[in-house]
Amino acid sequence: MGAIATPLVVVLLFCCLVSVSQAEYLKYKDPTQSLNVRIKDLLKRMTLEEKIGQMVQIERSIATPQVMKKYFIGSVLSGGGSVPETNASAETWIQMVNGIQNGSLSTRLGIPMIYGIDAVHGHNNVYKATIFPHNVGLGVTRDPVLIKKIGDATALEVRATGIQYVFAPCIAVSRDPRWGRCYESYSEDPEIVKAMTEIILGLQGDISGNSRKGVPYVAGKNKVAACAKHYVGDGGTSKGINENNTLISYRGLLNIHMPAYHDSILKGVSTVMVSYSSWNGKKMHANHFLVTDYLKNKLKFRGFVISDWLGIDRITSPPHSNYSYSIQAGVGAGIDMIMVPFNFTEFIDVLVYQVKNNIIPESRIDDAVERILRVKFVMGLFENPLADPSLVNQLGSEEHRQLAREAVRKSLVLLKNGKSAEKPLLPLPKKAANILVAGSHADNLGYQCGGWTITWQGLGGNNHTVGTTILDAVKQTIDPATKVFYKESPDSTFVKSNNFSYAIVIVGEPPYAETLGDSLNLTIAEPGPSTITNVCESIQCVVVLITGRPVMIQPYLSKIDALVAAWLPGTEGQGVADLLFGDYGFTGKLARTWFKTVNQLPMNVGDKYYDPLFPFGFGLSTNPTKH
């Protein structure tokens, strides 16, 4: 009997030991532990492969749960236009994000992934989301309180789809409207751009009073991690050519392009994205001095630094021609998370090799992973890794659309009002016999929203998302007895033969993004100029420009009675009609200089030779009409 009992005791003792080991206390999973304790506890448990996996961000189209688990992938993104299905609902987005997340949670250490998306003017990749004016319009408002509210609304709409991280705001100081990303910049003036970093507090939440400088802050599961981009000098490239060289002194870089980054860090921004551009010939993705010595060490930034899409590949010319060098240079410069986004196994293999052969020290890897984990812990991803389905009704909510409409009203600039000051055309009378609405942009929601809407380059037409075109807004605003005639491109005979009381001409640029938007001439594409001529030579007209930047308008200015810069107003076209018909007054002031000819460019406020068509800060005002 005793001989049988002894092995039984041994077995029971072994089972107890196994049970105790399985229930090992993991400090990193305990939210009552300090941030640094959790980071250090998790980091010491990680293999090199697990660490490097955290540094990788891949595109959603290849992010299967199996890939997340096998390679310990730290982050996933949707590129411009990358969606789970056409016109996907919030619920469909959540299902996709949670599916990927479950792959991450099934790994040995259960480190959740962070999902990023370009929500640069609202949740712009997503069907039915509220699309706010692009930054070029928001800078006009000079209203940080409004911008913070937009950040708050955007955070809720992004979380409504299960996503926790946005590649916004763009805090470029665009010094040349020829740049294809000009509309992503709030202003040519660093002070306005700095003030607009208030959007970070809307996206992430108000930073707590006892927060340490530079430490990221995200106030719970209704907020998102933000990203200040593109570090640094992306708006100052030669001739406005995208991804080009910014030729400027160190002092000039600090005075013009750096202030908004300093402010963003004080506001607890979680991440910083590096620019494709160069500074005085040195690629930013390989610039150790600006990424590590200045951003991390001098400014005390404690979040993580992320590359742009294939950003390290572009360290070499042609891209990817010496990938091992690019990895060494980019990671060595201080980039913590690499947007691969497809060929991730090559990146992992090369980086593992470089660390094991002492080409990159493991201390650099540890720094990167500590920063990534810091953001994940701070934002509560370990406690709440899965999406909250109760937020789905936030997507495109009426409250957010009203906020966007207010933003449109405050972003419009009245550049001309009447051929003489004594006879203003605006506000327009709501009651008239017949009015003409004309132009390529009058009834085109896609054109109204511009690039970075539903797809990377944007789209034309009214079938890609939900909103109000300016034509529809006009029809909803005028007196019921007023007849509206709409013709996209009327000839002069049509205009003269219909006895119109006045005309609203809405023209501008087609959608574009990044390099495809670079323009050396900045002309309005046909039939815009012809429409202006055919209409405005015959009857009183107000021209509304839908554009991502100042464009060549001087040749037509004498024909135009009233001129409005509406920028890229987004889905809420009713905000344009609110001002045209006097329900609200014009208040916007230019946050960009409006040139006479492109030969003057670059030309910015404060330049020695400053001779604009409309100067920085210009904008006529009107009073609301009393009903």
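These numbers were taken from a predicted model, which means no experiment stands behind them.

Scoring rules and cut-offs
Residues numbered from 1 in each chain as written. Predicted model: local features only at pLDDT ≥ 70, side-chain atom pairs only at ≥ 80, totals over all residues. Heavy atoms only, no water. Helix = DSSP H or I, 4+ residues; strand = E, 2+ residues; numbered from the N terminus. Contact = heavy atoms within 4.5 Å. 1 Å grid on protein atoms, 1.4 Å probe; cavity = no way out; pocket = protein on both sides within 12 Å on 5 of 7 lines; lining within 4 Å. Points joined across faces, edges and corners; volume = space filled by probe spheres on them. Nonpolar A, V, L, I, M, F, W, Y, C, P; charged D, E, K, R; others polar. Domains from an automatic or database assignment. Pairing = 2+ DSSP bridges. Axes fitted to C-alpha atoms, helices over the stretch in contact; angles between N-to-C directions. Buried area = accessible area lost by both parts, 1.4 Å probe. Salt bridge = Lys/Arg side-chain N within 4 Å of Asp/Glu carboxyl O.

S.K.: Before we go on, may I ask you to explain the side chain of S397 in this structure?
M.R.: Counting through the fold element by element, S397 comes out in the loop between α15 (362-378) and α16 (398-411). Every residue in contact with S397, bar those within four places of it in the chain, is listed here: T130 and E157.

S.K.: Can you walk me through the layout of surface pockets in this structure?
M.R.: Where empty space is left can be seen by rolling a probe of water-molecule size over the atoms. In this structure, the largest pocket spans a volume of roughly 320 Å³. Lining the largest pocket are 21 residues, with Y276, W309, W452, W456 and E514 positioned closest to its centre. Of all the secondary structure elements, the ones that give two or more residues to the lining of the largest pocket are β2 (75-78) and β5 (227-231). Considering only residue class, the lining of the largest pocket consists of nine nonpolar, five polar and seven charged. Among the domains, domain 1 (47-394) and domain 2 (412-614) are the pair contributing at least three residues each to the lining of the largest pocket.

S.K.: What should I look at first to understand empty space enclosed by the protein in this one?
M.R.: According to the stated counting rule, one finds eight cavities of 30 Å³ or more in the structure shown. Lining the largest cavity are 15 residues, with A119, V120, H121, G122 and I199 sitting closest to its centre. If you list the elements that add at least two residues to the lining of the largest cavity, you get α6 (135-141), α7 (144-159) and α9 (199-204). Of the residues that constitute the lining of the largest cavity, the class distribution is 11 nonpolar, four polar and no charged.

S.K.: Mind showing me how you'd approach the sheet that holds strand β13 (residues 434-438) here?
M.R.: Backbone hydrogen bonds are what pair the strands of a sheet, in a parallel or an antiparallel way. As summarised here, the arrangement of the six strands in space is β12-β17-β16-β15-β13-β14, forming an open sheet in which the pairing is mixed. A single partner strand is all that each edge strand has here, and the edge strands are β12 (413-417) and β14 (483-487). With strand direction ignored, the average angle separating the axes of adjacent strands in the sheet is 15°. Pairing between β12 and strand β17 (residues 562-567): four bridges, direction antiparallel. Paired with N417 across the two strands is A562, which belongs to β17. Most of the contacts of helix α20 (residues 528-536) go to strand β15 (residues 502-508), to which it runs at about 170°, and overall it touches β13, β15 and β16 (541-546).

S.K.: Help me understand the domain arrangement of the protein chain in this model?
M.R.: Often, the extent of an interface is quoted as the loss of accessible area upon association of its parts. One can read the domain layout of the protein chain as domain 1 (47-394) and domain 2 (412-614). Counting residues at the interface gives 43 residues for domain 1, matched by 42 residues for domain 2. Carbon and sulfur atoms supply 53% of the area that domain 1 and domain 2 bury against each other, a total of about 3,300 Å² over both sides. Counting across the domain 1 and domain 2 interface gives one salt bridge. The partner of E514 in a salt bridge is R181, and the shortest N-O contact between them spans 3.3 Å. Of the residues forming the side of domain 1 that touches domain 2, the biggest block, four residues, is contributed by α6. For the side of domain 1 that touches domain 2, the residue count by class is 17 nonpolar, 16 polar and 10 charged.

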